[in-house]
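What follows is the residue order along each chain.
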Amino acid sequence: MTAKYRAYLNYLDGLRTEIESDFEYYRNQNSIIDRRLNELGKRGNIEATAEEMSELLAQRAIVKDRALMLLPLRDFFKNGYDEVLKRIERIESYRNI
């Protein structure tokens, strides 16, 4: 059971790392898109930038959707995982695993 237990913990830790990494990637992509949209908006010539703005808005919708899908998973690990780790440490100290 100990090897399987460790495999579970390692899998969860890897999953947490992947979720956080993916979430940060999409958050950063959204920021990049928003900055570019702001730059284009400040130019004042909507007709000249409309096509690029339209493409950026479509990309932003995809990026935001993916970030929103990852948000509850990230929050699960971010907000609840520390307590789980404390419990695991406490159990391990009692069992000498």
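In what follows, the structure referred to is the one given above.
These remarks concern the structure in this document. (Residues numbered from 1 in each chain as written. Predicted model: local features only at pLDDT ≥ 70, side-chain atom pairs only at ≥ 80, totals over all residues. Heavy atoms only, no water.)

Per the stated rule, a full pass over the model turns up 2 aromatic pairs. Ring plane angle 75 degrees and centroid distance 5.1 Å describe the contact between Tyr 25 and Tyr 26, whose orientation is recorded as edge-to-face. For Tyr 26, a relative accessible area of 18% gives the class buried. Seen from their ring centres, Phe 76 and Phe 77 are 5.1 Å apart, and the 75 degrees between their planes marks the pair as edge-to-face. Residue classification places Phe 77 among the buried positions, given a relative accessible area of 6%. (Phe/Tyr/Trp six-rings, centres within 6.5 Å; stacked < 30°, edge-to-face > 60°. Buried < 20%, exposed > 50% of the residue type's maximum accessible area, 1.4 Å probe, protein only.)

A full pass over the atoms with the stated rule returns 7 salt bridges. Residue Arg 16 is joined to Asp 13 by a salt bridge in which the shortest nitrogen-to-oxygen separation is 2.6 Å. Of the two residues, Arg 16 and Asp 13 both sit in helix α1 (residues 2-43), 3 residues apart, roughly one turn of that helix. Using a relative accessible area of 33% as the deciding quantity, one classes Asp 13 as partly exposed. The partner of Arg 36 in a salt bridge is Glu 52, and the shortest N-O contact between them spans 2.8 Å. Taken together, the positions of Arg 36 in helix α1 and Glu 52 in helix α2 (residues 46-95) put the pair 16 residues apart, joining distant regions of the chain. On the basis of relative accessible area, Arg 36 is assigned to the partly exposed category, the value being 24%. Among the charged side chains, a salt-bridge network with shared partners connects Asp 13, Arg 16 and Glu 20. (Salt bridge = Lys/Arg side-chain N within 4 Å of Asp/Glu carboxyl O. Helix = DSSP H or I, 4+ residues; strand = E, 2+ residues; numbered from the N terminus.)

This part is about the side chain of Arg 74. Tracing the backbone shows Arg 74 in helix α2. We classify Arg 74 as buried; its relative accessible area is 16%. The residues touching Arg 74, leaving out its near neighbours within four places in the chain, are Ile 19, Glu 20 and Phe 23. (Contact = heavy atoms within 4.5 Å.)

With that settled, consider the environment of Val 84. Structurally, the position occupied by Val 84 is in helix α2. For Val 84, a relative accessible area of 35% corresponds to the partly exposed category. Spatially, the C-alpha atom of Val 84 lies 52 Å from that of Gly 44, the residues being 40 residues apart in sequence.

Attention now goes to α1. Between its terminal C-alpha atoms α1 stretches 62 Å, which fits the 62 Å expected from 42 residues at 1.5 Å a residue. When we look at burial in α1, the residues that qualify are Tyr 5, Leu 9, Ile 19, Phe 23, Tyr 26, Asn 30, Ile 33, Leu 37 and Leu 40. Positioned one or two residues after α1, Gly 44 has a phi angle of 80 degrees, which is positive. (Expected span 1.5 Å × (residues − 1).)

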